[in-house]
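# Survey of secondary and tertiary structure
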Amino acid sequence: MGDFKFGRRRFLGLAAAAGAAAAGGVMLGEPYAAAATGVDYAGLKRALKGALLRPGDAGYATAAQPYNSALGVRKPAAIAKVAGVDDVRACVRRVRGHGVPLAARAGGHSYAGFSTPDHGVVVDLSALKGITVSSDGTAVVGAGVKLLDLYSALAAHGRALPAGSCPTVGVAGSTLGGGIGVVARAYGLTCDHLKSATVVTADGALHTVDGNHDADLFWALRGGGGGNGGIVTSFTFGTVPAPTVTIFSLHFPAARTSRVLRAWSQWMDAAPDQLTSLCAVTAAHTPTNRVTGTWTGSASALTGHLSALIAAVGASPTSRTTHTYNYLNAMKYFAGPAAGREAFRAASRMLERTVTASIADRVVALMSKQKGMVLLFDSLRGQAGRIKTADTAFAHRGAHASVQVYSGNAANGPAVLAVQQALAPIVGTGAYVNYLNPGQKDWASAYYGTNLTRLRQVIRKYDPDRVFDFAQSALRA
């Protein structure tokens, strides 16, 4: 899961000048505390068209690695490299009822590594990577597709889907958690464009869900988080004409960081939907700042908006850049240079209100005491805020922004969690399920807010025996 919005690699590269008991693994409770037993792995292997990897098999060690190398070594009981829907159904039918964790994995970017559970069976969907685009722009997308591959396929048809920017994030996890992206205010969340999905539920049955068929499960898939209720094997999206995107970036003097955060927040309150942006506050004795974002209107019209921000800050930026790209190249820009796995710690809050001088000062004071950490305030509202909170499982329609607490220091887990806790009385108690943190105590109410009760009821209906249970499953809420 996770959107890695505004290209974490790109951001951290440009900003280089500038606690958790679960730090080493997934927190597994009963019935999964012991090693997996009872599954007929030989029979499962025979039933699959794809490969089944067990400890000691060639390729197992690599396949068992989560994207986040800070999570350490994982030891699933088996990894099923499924070849299609029938393989997914075979996995569910043969593993359920044995007290063994069963987890779907698409991109493998789950912040907590819940998609690669110790002693569990990983249903690896990476081979399900078909993409078909109809003349009306409707796209049918396999659950193993990664974002950059999807953007490239859609670009060939002049289409786009609003989503995150990390190229190797899976469309599955991103969509299921909501899908905050770099043009969210202009086009909404990824899940807002979901028209239907095929899902294998806990009984091994295949469902095609939409607003008229298993509508409650379709509701849950739009923001309820990956791993809950079933394994999605394909998504059908409505897409949009691919826009031209102007990307901008401004740095202001560090002494103005509090003013920058406040001015940015008020600026976004008044901004048209075509403007989506991020304000970053990077830890230091005097925290530094950066404002970056996208504009989908005419390139010349952006100048006036940036001038308004600069005037509100009351200081000239120390650097200012703008570049105009087609949508695909904009996503490649945010992705940054190709790289492999990363080690990081992260958590989140949701900014529930416009930033006042007091809020900004408290944020800056908090970050002045930290090291190796950044707060990424990603703007929301616009089209993302025009859908009612109860209409999808994504519970943060009224939020002003998401706030990712991020550290590239693998040892910084306790500090990240402490900052997340300290932010709650400052910005709000919500959190984004695609930035999940296994050490967070208030995760259920934070992720799902007023939608928690309904989500729990829906997931219980389709998974009454907790086949897809994990440490932050909606069934544990």
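Bear in mind the structure is a predicted one, so any value in this text is a computation, not a measurement.

The rules behind these values
- Residues numbered from 1 in each chain as written.
- Predicted model: local features only at pLDDT ≥ 70, side-chain atom pairs only at ≥ 80, totals over all residues.
- Heavy atoms only, no water.
- Axes fitted to C-alpha atoms, helices over the stretch in contact; angles between N-to-C directions.
- Helix = DSSP H or I, 4+ residues; strand = E, 2+ residues; numbered from the N terminus.
- Parallel < 35°, antiparallel > 145°, perpendicular 65-115°, else oblique.
- Left-handed = near helix turned anticlockwise from the far one by under 90°.
- Contact = heavy atoms within 4.5 Å.
- Nonpolar A, V, L, I, M, F, W, Y, C, P; charged D, E, K, R; others polar.
- Phe/Tyr/Trp six-rings, centres within 6.5 Å; stacked < 30°, edge-to-face > 60°.
- Buried < 20%, exposed > 50% of the residue type's maximum accessible area, 1.4 Å probe, protein only.
- Lys NZ or Arg CZ within 6 Å of the ring centre and 35° of its normal.
- Pairing = 2+ DSSP bridges.
- pLDDT = per-residue confidence, 0-100.
- Polar contact = N/O pair within 3.5 Å; in protein donor to acceptor, adjacent residues only side chain to side chain.

What follows deals with the packing of helix α9 (residues 257–270) against helix α10 (residues 302–313). At a minimum axis separation of 9 Å, α9 and α10 run at an interaxial angle of 140°. Between α9 and α10, the angle is such that the two are oblique. As α9 runs across α10, the sense of the crossing is right-handed. On α10, the residues that touch R259, V260, A263, W264 and W267 of α9 are H305, L306, A308, L309, A312 and V313. Tallied by class, the residues present in the contact of α9 with α10 amount to 9 nonpolar, 1 polar and 1 charged.

To continue, consider the packing of aromatic side chains. One pair of aromatic rings is described through two measures. These are the centre distance and the angle between the planes. Scanning the model with the defined rule gives 14 aromatic pairs in all. Taken together, a centroid distance of 5.8 Å and an interplanar angle of 10° make the contact between F235 and F237 stacked. You'll find F235 and F237 in the same group, each marked buried. With a centroid separation of 6.2 Å and 80° between ring planes, the pair formed by F248 and W267 is classed as edge-to-face. Here the residue F248 occupies a position in strand β12 (residues 244–251), and W267 occupies one in helix α9, the gap between them amounting to 19 residues. For the residue pair F248 and W267, the accessibility class agrees, reading buried in each case. Linked through ring pairs, Y111, F344, F394, Y406, Y432 and Y435 together constitute an aromatic cluster. Positioned over the ring face of Y41 is R54, at 4.0 Å from the centre of the ring. Between R454 and the ring centre of W219, over which it is positioned, the NZ or CZ distance is 4.0 Å.

One can describe the packing of helix α5 (residues 147–155) onto helix α11 (residues 327–335) by two numbers: an axis separation of 9 Å at closest approach and a directional angle of 165°. Taken together, the axes of α5 and α11 lie roughly antiparallel to each other. In terms of crossing hand, the pair formed by α5 and α11 is left-handed. Counting all contacts with α5, which are made through L148, Y151, S152 and A155, the residues of α11 involved are Y327, L328, M331 and K332. Counted by class, the contact of α5 with α11 contains 6 nonpolar, 1 polar and 1 charged residues.

Here we come to the sheet that holds strand β14 (residues 288–295). An order of β15-β12-β14-β13-β17-β18-β16 is seen for the 7 strands of this open sheet, with the pairing classed as antiparallel. Taken across any chain shown, the strands that pair with only one partner, and hence form the sheet edges, are β15 (319–326) and β16 (345–351). Taking the axes of each pair of neighbouring strands and ignoring which way they run, one obtains an average angle of 15° across the sheet. With 5 bridges connecting them, strand β13 (residues 275–282) and strand β17 (residues 374–379) associate as antiparallel partners. Residue pairing across strands places C279 opposite F377, the latter belonging to β17. The strands touched by α11 are β12, β14 and β15; relative to β15, the strand with the most contacts, the crossing angle is about 135°. Relative to the sheet, helix α13 (residues 413–427) contacts β16, β17 and β18 (401–407), its axis offset from that of β16 by approximately 5°.

Turning our attention to the confidence of the model for the protein. Across the protein, pLDDT averages 92, with 92% of residues at or above 70. Note on residues 11–36: pLDDT is under 50 here. Beyond four places in sequence and across chains, it has 58 contacts.

With that settled, the discussion passes to the environment of R345. Mapped onto the elements, R345 comes out in strand β16. When its relative accessible area of 11% is taken as the criterion, R345 is described as buried. Considered as a pair, R345 and L275 are 70 residues apart in the sequence and their alpha carbons are 29 Å apart. Separated by 3.1 Å, the side chain of R345 and the backbone oxygen of A70 make a polar contact. At 2.9 Å, the side chain of R345 forms a polar contact with the backbone oxygen of A410.

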